[in-house]
Amino acid sequence: MDSKLPFNRSRRAFLGASALLASGAILPALPFSLIDPMADANPPVAFPHFPHPIYAFVWRNWNLVPLERMKAVVGCSEADLQSCAEAMGLPRYKPVSQEQWNRSYITVIRRNWHLLPKEQLTELLGWTTEHLEFTLQEDDFLYIKLGSVKPDCPPLRWKGMDAEVAKKLEKIRSISGEAFAVADSSPGEPLFDFVRQLSAKPAGQTRPLTSGFSPRYGYGYFTLFGDPLADGAVDPFPEGYLQRMGAAGLDGTWLHIVLSKVTPFPWDPSLSKGWEQRLENLARLVEKCRKHGIGMYLYLNEPRYQPLSFYKTYPSFKGVTRGDSAALCTSVPEVQTYIVDSIARVVERVPDVAGFFSITASENPTHCWSHFQGMDCPRCGPRGPEAVIAELNTLYATGIQRGLEAHRKNISPGFEGSGPRLIAWDWGWRDGWAAGIVPQLPKQTALMSVSEWDLPIERGGVQASVGEYSISAVGPGPRAKRHWEIAQQHGLEAFAKIQAGTTWECGGLPYVPALENVAQHAVNLRDAGIKGLMTGWTLGGYPGSPNLEVVSVVGSDPGISVREAMQQVAKRRFGPAADAMVKAWYGFSAAFREFPYHIGVVYNAPVHSGPANLLWARPTGYSATMVGLGYDDLDKWRGIYPPDVFIQQLYKVAEGFEEPLRELTSKTEGMALDEWTAEELNAEMRIAEAVSILYRSVANQGRFIQKRGDWETDRDPQAKLFLKEVLEDEIRLAKRLFTLQRQDSRIGFEATNHYFYVPTDLQEKVLNCRWLLEEWLGVTV
């Protein structure tokens, strides 16, 4: 593909996908070709708590990027970097392992987005331009998460330390040392230590937790997303991890694939470079997972748009045009043959793939109706979206069947497996489409629906409805019920997509301990006759969570109640502390039901990074991005909620976690617990405390943004006092989250965003707040 990402797009010239999401539209991705390359410049945000951006570069990349990469990019020696780091009080340099590097590139991209121009960023990563562009487009919409705009950063070059700079760096060292002396002196878990822990063979005997829900498949907690089959350098599913998945009650997992990367693209073979290796890697992974009772499901969002230059050679394939790309029209026989043959090739080579789940609306631009503009295609327009989507799913199913037949004929005549199944996911289908699509689906297909979609809620007196990604609202909702009824009437099994572990309501934690909500949702689905579950998108797959366990417990017993299921999970994990934990879970769940849910809130508010999100004295002018960069965009953070309601609801959730946590601490203090149980209890308490910190911080930041103008324009002394209190509390929260993350490497991580923040980001927040206190407010600290 020869499409290029224009990096000079104005944040004012184009609405952007996350803005559309905040308005309620189901459109998480727009082609980069819609970006205006002639738009205004976008200066990077300022970081005045550093004397020059070069010191921010050293601070932000220290112990995340190899020194040889850093020195090459900015033109200095390793000694220069070491001296600078020492001057700012950064810890001793530790070599960055290859595995850490492979697992943290998104963290590196995000933290340098406002520091380096595209060319230097590419050099820092050690990538080609094509590699960077593929990652931005295919790694779970990373370019959208970064705002679909690359700030116009000037080239960053090494700047030596004169006396004035040395004095400022010494102050940075002093502030950081004073704030974190105690916490930083204690031993902590290194970043990604959870990978080591989860990869190791469990100490005790583990056995799969069975359930009446099947399949129960979720994403690997630390599985890479964009091109996970490209090489074998990073193992997505270590043996110990697979054992833990089964013990948590999962019998399946899933991987993101692009069809042209795992099979040959017939019209442009360059797109498929390395497809044979990827298919071999897939076969190995599928077999490895099967040995542990884990089925592999593959994401199917095909066929992808092609650049307009492609259609100069193949004009008859061209469907709906969007910017400088267009759909491979699925009403064209040659395109249909490509789809069937490609899926057949995957199945012929890997017949033990458990299944494919299809997304046929929104998400990546694919067929002509995928982004609701099919009427512009002379072939697909008259047919309508229902016929096109039903036919596309039928093509997928045909490919599966032909691949299975080819495997039996050409490779293994005695193969007795049933082969992969197709799960048609209704994500993104417009209201009314299901009635026309579902009756036309192949009978062996299962229909999957987001359980909580369209569920009506009220938060802080504001009426709303849930889109997806919610644990605060307990499904199923009316949309899923309608679609399941249609499926069941036509002999199709009904599956539910839920978020059992965590959601974009709080995506940077392994799970949200709102167990009553999760258990009640599972009971509702069990009683509705739902057969299978997708337990989460890329987040919430942590195999040690009580959330996944309680879902399986509910599914395993048709008569078990919510309380009984919670009690069973608590008893196994916390022994004599079980009753206290169940009471705390009820408190956390009630608090979480106060979360100000709206799709704009969960995508745009910095609820995943909390105190790590910086504060600015003046508006940055940047829009908050989809689970990426929060900036200071309170209007997008709050979605449909008035600012005061949004802020108060977040404080309410935070306080609702803090009170049960205090009671749990009091009741279990001094309780005789063995070492394993005590650590389980401490880990649960850390996660609950982190939830409260994240939400309290976002509420604080909202108050800061509301009041900063009063000080900036009027020097109002009441505003100064108010802002001082907010900044001091942000320092307190950053320090505490620093300690929690050092104790627990899971905190701050999510599979497709890697680390939202690392400990040095929380130290930087203290620097940021101290600069605002001293230099902006004029407070003596």
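Residues numbered from 1 in each chain as written. Predicted model: local features only at pLDDT ≥ 70, side-chain atom pairs only at ≥ 80, totals over all residues. Heavy atoms only, no water.

Draft legend 1. Here's a closer look at the overall build of the chain. Counting its regular elements, the chain contains 28 helices and 15 strands. Over its C-alpha atoms the chain spans a radius of gyration of 26 Å, differing by no more than 12% from the 28 Å that the globule rule assigns to 781 residues. The principal-axis extents of the C-alpha atoms in the chain amount to approximately 75 × 65 × 50 Å. A total of 781 residues make up the chain; the buried ones form 64% of that total. In the form shown here, the chain has an accessible surface area of approximately 27500 Å², with 50% of it arising from carbon and sulfur atoms. Both charge centroids of the chain, one from 81 positive and one from 89 negative side chains, sit 1 Å from each other. (Helix = DSSP H or I, 4+ residues; strand = E, 2+ residues; numbered from the N terminus. Rg over C-alpha atoms; globule rule 2.2 N^0.38 Å. Buried < 20%, exposed > 50% of the residue type's maximum accessible area, 1.4 Å probe, protein only. Areas by Shrake-Rupley, 256 points an atom, 1.4 Å probe, with all protein chains shown as cover. Lys, Arg positive; Asp, Glu negative; His and termini not counted. Charge placed at Lys NZ, Arg CZ, Asp CG, Glu CD.)

Draft legend 2. Inspection of the environment of Asp376 at higher detail. Within the secondary structure, Asp376 sits in the loop between strand S7 (355-359) and helix H16 (380-410). Using a relative accessible area of 52% as the deciding quantity, one classes Asp376 as exposed. Here the alpha-carbon distance between Asp376 and Ser556, two residues 180 residues apart in the chain, equals 49 Å.

Draft legend 3. Region of the structure containing helix H27 (residues 717-743). Helix length check: H27, at 27 residues, gives a terminal C-alpha distance of 40 Å against a target of 39 Å (1.5 Å per residue), a fit within 8%. N-capping of H27 is provided by Asp716, with a side-chain oxygen placed 2.9 Å from the backbone N of Gln718. (Expected span 1.5 Å × (residues − 1). Polar contact = N/O pair within 3.5 Å; in protein donor to acceptor, adjacent residues only side chain to side chain.)

Draft legend 4. The sheet that holds strand S5 (residues 318-322), seen in detail. With antiparallel pairing, the three strands of this open sheet are ordered in space as S4-S6-S5. Looking at the sheet topology across the chains shown, the edges are occupied by strand S4 (306-307) and S5. Direction of pairing for S4 relative to strand S6 (residues 325-328): antiparallel, over a ladder of two bridges. Paired with Gln306 across the strands is Ala326, a residue of S6. (Pairing = 2+ DSSP bridges.)

Draft legend 5. Highlighting the packing of aromatic side chains. The full count for this structure, using the stated rule, is 52 aromatic pairs. Ring centres of Tyr469 and Tyr603 lie 6.2 Å apart, and the angle between their planes is 65°; this geometry places the pair in the edge-to-face category. Of the two residues, Tyr469 is situated in the loop between strand S11 (462-465) and helix H18 (478-489) and Tyr603 in helix H23 (residues 599-604); the sequence distance between them amounts to 134 residues. With respect to burial, Tyr469 and Tyr603 carry one shared label: buried. (Phe/Tyr/Trp six-rings, centres within 6.5 Å; stacked < 30°, edge-to-face > 60°.)

Draft legend 6. Inspection of the pattern of salt bridges at higher detail. A complete count under the given rule lists 42 salt bridges for this structure. Note that Arg304 is salt-bridged to Glu138, the shortest N-O span being 2.7 Å. Placement of the pair is Arg304 in the loop between strand S3 (295-300) and S4 and Glu138 in helix H8 (residues 129-138), with a sequence separation of 166 residues. Residues Arg304 and Glu138 agree in their burial class; the two are buried. For Arg770, the salt bridge identified is with Glu774, shortest N-O distance 2.7 Å. (Salt bridge = Lys/Arg side-chain N within 4 Å of Asp/Glu carboxyl O.)

Draft legend 7. Unusual backbone geometry, seen in detail. For the bond running from Ser214 to Pro215, omega is 5°, close enough to zero to count as cis. For Pro215, the location among the structural elements is in the loop between helix H11 (193-199) and strand S1 (216-219). Residue Pro476 is reached from Gly475 by a cis peptide bond, and omega for that bond is 5°. One can find Pro476 in the loop between S11 and H18. Positive phi values are uncommon outside glycine, yet Glu363 reaches one of about 55°. Inspection of the secondary structure puts Glu363 in the loop between S7 and H16. Here Glu363 falls in the buried class, since its relative accessible area comes to 6%.

Draft legend 8. Looking closely at empty space enclosed by the protein. Scanning the model with the defined rule gives seven cavities of 30 Å³ or more in all. Counted as a void, the largest cavity has a volume near 450 Å³. Every residue lining the largest cavity is counted, 29 residues in all, and those nearest its centre are Arg110, Ala612, Asn613, Leu629 and Phe756. Elements with a contribution of two residues or more to the lining of the largest cavity: helix H6 (105-112), H23 and helix H28 (759-776). The leading source of residues in the lining of the largest cavity is H6, at three residues. Looking at the lining of the largest cavity residue by residue, the class counts come to 15 nonpolar, nine polar and five charged. Taken as a whole, the second largest cavity holds about 170 Å³ of empty space. Asp140, Glu363, Tyr469, Trp537 and Tyr603 are the residues nearest the centre of the second largest cavity, which is lined by 15 residues in total. (1 Å grid on protein atoms, 1.4 Å probe; cavity = no way out; pocket = protein on both sides within 12 Å on 5 of 7 lines; lining within 4 Å. Points joined across faces, edges and corners; volume = space filled by probe spheres on them. Nonpolar A, V, L, I, M, F, W, Y, C, P; charged D, E, K, R; others polar.)

Draft legend 9. Structural view of the sheet that holds strand S8 (residues 421-425). Strand order in the closed barrel formed by eight strands is S1-S2-S3-S7-S8-S9-S12-S13, with parallel pairing between adjacent strands. Sheet twist, expressed as the mean angle between neighbouring strand axes with direction ignored, is 25°. Direction of pairing for strand S2 (residues 252-255) relative to S3: parallel, over a ladder of four bridges. The residue bridging Trp254 from the neighbouring strand is Tyr297, located in S3. The strands touched by helix H14 (residues 275-290) are S2 and S3; relative to S3, the strand with the most contacts, the crossing angle is about 140°. (Axes fitted to C-alpha atoms, helices over the stretch in contact; angles between N-to-C directions. Contact = heavy atoms within 4.5 Å.)

Draft legend 10. Focus on the pairing of strand S12 (residues 493-497). In terms of burial, S12 is a largely internal element, four of the five residues being buried. Here strand S9 (residues 446-450) pairs with S12 via five bridges, running parallel. Residue pairing across strands places Leu447 opposite Ala494, the latter belonging to S12. Judged from the three bridges that link them, S12 and strand S13 (residues 532-534) form a sheet pairing that is parallel.

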